[in-house]
Amino acid sequence: MILNEMNGAASIEDVLALTLEALRDARARMRPVFGQERVAASAGRFLETLLGNEPRKTGWMRAEAAGDPGPWRQQALLGRGHWDADALRDVVRDHVVEHLGDTDAVLVVDETGFLKKGSASCGVGRQYTGSAGKITNCQIGVFAAYVSDKGHAFLDRALYLPKAWTEKPERLAAAHVPGDVQFASKPSLATAMIGRALAADVPFRWVAGDSVYGVGELEMALRRASRGYVLGVNANHHFHSWRPDVCWAGEAREIVDTLPDAAWVRCSAGRGTKGERLYDWLYCPMADLEASEYSDTSTGTWTRGLLVRRNPSDGDLAYFTTWCPQGTPLETLVRVEGTRWRIEEGFETAKNEFGLDHNETRSWHGWHRHVSLVMLAYAMMAAVRSQANAMALKKSQLHKRGRLSAGQSRKFDASP
């Protein structure tokens, strides 16, 4: 569970107290989203059941955990109720920033699949999902996760609608998709999320993502916003250097083949469940450009480059396009790329522990409401973990100081 990453020895009592306070705080934060008190109370119970130990967070199981005679209140909350899921998304965002905010944070964009049967669930279709590792019948959700030294949690989400949906108004109407929703690619959805984060003054310095998001509008939006990025690209992506001292031109894989083995540097992409994640890295700065070329408000020199990761065990290569302030060390770019696994971990935890993929509704609103409530539950426990770690660290420091003071007293007592 998400609390497994706690450092130190926070007591069970401390964690329970923090969790109860977090639940009260979450209820208060989301209360203005709901018009009626009974709807807000139902949302509070929904949130509680997401934190429970039930292996499946289905309507009947949530109802049983909440003490309801059936799943009708749960279904009404997600489907028939009148409340704005985007308003709850903003509550989640503010909660995450308050507890995990850091100017050096990374926004990670990625997608995950929700396996579905039939053709009625909004956005469902035969499409590739990394969750299953194949083309299958599913929905695809695009997410943005916030990662800082204090923890990580989901910040934003959007349901991807394939053209098989957006080109058929009758399907959109049946799933209650708002009239202003049109086809948007996954990079476009991610770009819109980053735009919302910027508009809300969310503190972050970097964006990371895989090759789905590595080229095009997302890159230009980040350059205009003066935000660095490490974004995946394919091996055949073309790079061209504008530097006077080197001349690199060609596909990423071709450039790598021209460089000596001594150019590779081994360093960690961050600590994982099995220790440091060590890879070999190659960095090729391609061009130094003025930020003013892209933004009317930013100045300074930024570097566009190629970053390559090699797996020491099998030699597998991964390629990334980078944008960073001039002089940024390789270790910083590696750290940013290494944050991408946090969103994958988040998907796994949110599905296994909080029922992210246990949504039984078929509508546009139902999907966004369910996912937003799960995001709030995840953000709550991420804040609890951060607070528990800080509490354990403080106790450890006090204990250490106490031992030092006792040792000094004994030394002084023994002095003439």
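Scroll up a little and you will see the structure.
A brief report on the enclosed structure follows. Counting restarts for each chain: residues are numbered from 1 in the order of the written sequence. Reporting in this predicted model follows two pLDDT cut-offs: at least 70 for local features of residues, and 80 or more for side-chain atom pairs to be given and counted; totals over whole chains, interfaces and linings ignore these cut-offs and use all residues. Water and hydrogen atoms were dropped before computing side-chain values, which therefore reflect all heavy atoms in the structure.

With that out of the way, let us pick up the environment of Ala120. What counts as a helix is a DSSP run of H or I of at least four residues, what counts as a strand is a run of E of at least two, and both are numbered from the N terminus. Within the secondary structure layout, Ala120 lies in the loop between strand S1 (106-115) and strand S2 (125-129). Exposure categories follow from relative accessible area, calculated using a 1.4 Å probe and restricted to protein chains: below 20% of the type maximum is buried, above 50% is exposed, and the middle band is partly exposed. By relative accessible area, Ala120 is classed as partly exposed at 38%. Through-space distance from the C-alpha of Ala120 to that of Leu373 is 22 Å; in sequence the pair is 253 residues apart. The contacts of Ala120, once residues within four sequence positions are left out, are Trp165 and Arg362. Two residues qualify as a contact provided that any one of their heavy atoms is within 4.5 Å of a heavy atom in the partner residue.

Here we take up the pairing of strand S11 (residues 301-310). Counting buried positions over the 10 residues of S11 gives nine, a clear majority of the element. For two strands to be treated as a pair, DSSP must find no fewer than two bridges joining them. Sheet analysis places strand S10 (residues 275-290) next to S11, joined by 10 bridges and oriented antiparallel. By the bridge assignment, Pro285 is partnered in S11 with Gly305. As defined by bridge partners, S11 adjoins strand S12 (residues 317-325) across nine bridges and the pair is classed as antiparallel. Within the sheet, the bridge partner assigned to Val308 lies in S12 and is Tyr319. What sits between the antiparallel neighbours S11 and S12 is a turn of six residues, in which Gly315 has the positive phi angle 75°.

Once that is clear, we can look at the packing of aromatic side chains. Pairs were defined over the aromatic rings of Phe, Tyr and Trp, the Trp ring being its six-membered one, requiring ring centres within 6.5 Å. Orientation was assigned from the angle between planes: stacked under 30 degrees, edge-to-face over 60, tilted for the rest. Counted under the stated rule, the structure contains 12 aromatic pairs. Ring geometry for Tyr160 against Phe183: centres 6.1 Å apart, planes inclined by 70°, an arrangement best described as edge-to-face. Of this pair, Tyr160 sits in strand S4 (residues 151-160) while Phe183 sits in the loop between helix H7 (169-174) and helix H8 (186-199), and the two are 23 residues apart along the sequence. Of the residues examined, Tyr160 reaches a relative accessible area of 13% and is grouped as buried. Through pairs of rings, three or more aromatic residues link up here, namely Phe114, Phe143, Phe154, Phe347, Phe354, Trp367 and Tyr378.

Put simply, a salt bridge is a Lys or Arg side-chain nitrogen that is within 4 Å of an Asp or Glu carboxyl oxygen. Following the criterion strictly, the structure yields 22 salt bridges and no others. For Arg89, the salt bridge identified is with Asp90, shortest N-O distance 3.1 Å. Under the relative-accessibility criterion, Asp90 is labelled partly exposed at 23%.

The subject of this paragraph is the layout of surface pockets. By volume, the second largest pocket amounts to about 420 Å³. The definitions used throughout rest on a 1 Å grid laid over the protein atoms alone, on which a cavity is an enclosed set of points accommodating a 1.4 Å probe that cannot get out and a pocket is an open set flanked by protein within 12 Å on both sides along at least five of seven lines; lining residues are those having an atom within 4 Å of a point. In this structure, the second largest pocket is lined by 22 residues; those nearest its centre are Asp86, Ala158, Val181, Trp364 and His368. At the level of secondary structure, the elements contributing two or more residues to the lining of the second largest pocket comprise helix H5 (85-100), S4, H8 and helix H13 (364-414). Grid points are joined across faces, edges and corners, and a volume is the space filled by probe spheres set on the points.

Attention now moves to empty space enclosed by the protein. Going through the model one piece at a time under the given rule, you end up with one cavity of 30 Å³ or more. One number sums up the size of the largest cavity: a volume of about 60 Å³. Lining the largest cavity are Arg89, Asp90, Arg93, Ala144, Leu155, Asp156, Met193, Arg196 and Ala197. Within the residue set of the lining of the largest cavity, elements represented by two or more residues are H5, S4 and H8. Nonpolar residues are Ala, Val, Leu, Ile, Met, Phe, Trp, Tyr, Cys and Pro. Charged residues are Asp, Glu, Lys and Arg, and all others, Gly as well, are polar. Of the residues assigned to the lining of the largest cavity, the class counts are four nonpolar, no polar and five charged.

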